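Now for the letters of each chain:
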Amino acid sequence: MDFYSVVKFLHVMAATVWVGGGFVLMLLAVRADRAGDTHGMLQVMRSVGELGNRLFMPASLVTLLLGLVMCWFWVGFADLWIIIGLAGYAATFLIGTLVFKPTADRMAALIARDGVTPAVLDNGRRILKVARFDYAVMLVIVADMVLKPTASDVPVLMAMAAVFGLGLWAAFDGLRPAAAAAA
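Below is a short write-up of the structure. Just so it is clear, the model here is predicted, and its values are computed rather than measured.

Let's talk about the overall build of the chain
- Looking only at helices and strands, the chain features six helices and zero strands.
- Helices (α) and strands (β) of the chain occur, in sequence order from the N terminus, as α-α-α-α-α-α.
- With respect to the three principal axes, the spread of C-alpha positions in the chain is 55 × 35 × 25 Å.
- Looking at the chain as a whole, 33% of its 183 residues are labelled buried.
- For the chain, the proportion of contacts with a sequence separation of at least 24, taken over those separated by at least 6, is 74%.
- Working note: accessible area of the chain is about 10700 Å², and carbon and sulfur atoms make up 72% of it.

Here it is as structure tokens:
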């Protein structure tokens, strides 16, 4: 086994923890929300808050750093799939930093001040909608890392763009609550 294989293995393991762990929490939150399980929603939100800085952020940074090491020493930075992967990472990092973290902090402050209120649950549902987009981006990144498309792989790039578009639709338009859609 060579050093590249060790770095690649650690890169994939860190990505698995980051993407897989967050995805499971998102699914648990969606399930609790659809069931009307307020306690379950709060439990998942609390877990996201606790694990975000302690597990998901470090795992995402390890994923990035090891990916950069592989690019620096073996792969380079010019291939389209590397550029797509880095752009996707930047998008998920910004979503986490600019949306998830501040919203989670506001929710924690609201819960500490007022307890569980409809406003807290609405914030949680908004985070879930943005998480759908975030995970669409992550799905594109995973597909990108596995398929390694070039500019001539038009069907793959179109499928990745479609997943990205569906993620935008799911987060910002297409999954409105039934009450809002009926209004």
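Overview of helix α3 (residues 80-114)
- Helix length check: α3, at 35 residues, gives a terminal C-alpha distance of 49 Å against a target of 51 Å (1.5 Å per residue), a fit within 8%.
- At glycine 96, α3 is deflected by roughly 35°, the largest bend along its length.
- Here α3 has its buried residues at Trp81, Ile82, Ile84, Gly85, Gly88, Tyr89, Thr92, Ile95, Phe100, Thr103, Met107 and Leu110.
- Taken together, the buried residues of α3 touch α1 (3-35), α2 (38-75), α4 (118-147) and α5 (154-172).
- Looking one or two places after α3, you find glycine 115, whose phi comes out positive at around 80°.

As for the pattern of salt bridges
- Tallied over the entire structure, the rule returns four salt bridges.
- For aspartate 33, the salt bridge goes to arginine 125, with nearest N and O atoms at 2.7 Å. Residue aspartate 33 is located in helix α1, and its partner arginine 125 is located in helix α4; the two are separated by 92 residues in the primary sequence.
- Arginine 125 gets classed as partly exposed once you look at its relative accessible area, which sits at 33%.

Conventions adopted
Residues numbered from 1 in each chain as written. Predicted model: local features only at pLDDT ≥ 70, side-chain atom pairs only at ≥ 80, totals over all residues. Heavy atoms only, no water. Helix = DSSP H or I, 4+ residues; strand = E, 2+ residues; numbered from the N terminus. Buried < 20%, exposed > 50% of the residue type's maximum accessible area, 1.4 Å probe, protein only. Contact = heavy atoms within 4.5 Å. Areas by Shrake-Rupley, 256 points an atom, 1.4 Å probe, with all protein chains shown as cover. Expected span 1.5 Å × (residues − 1). Bend = angle between axes of the 7 residues up to and from the residue. Salt bridge = Lys/Arg side-chain N within 4 Å of Asp/Glu carboxyl O.

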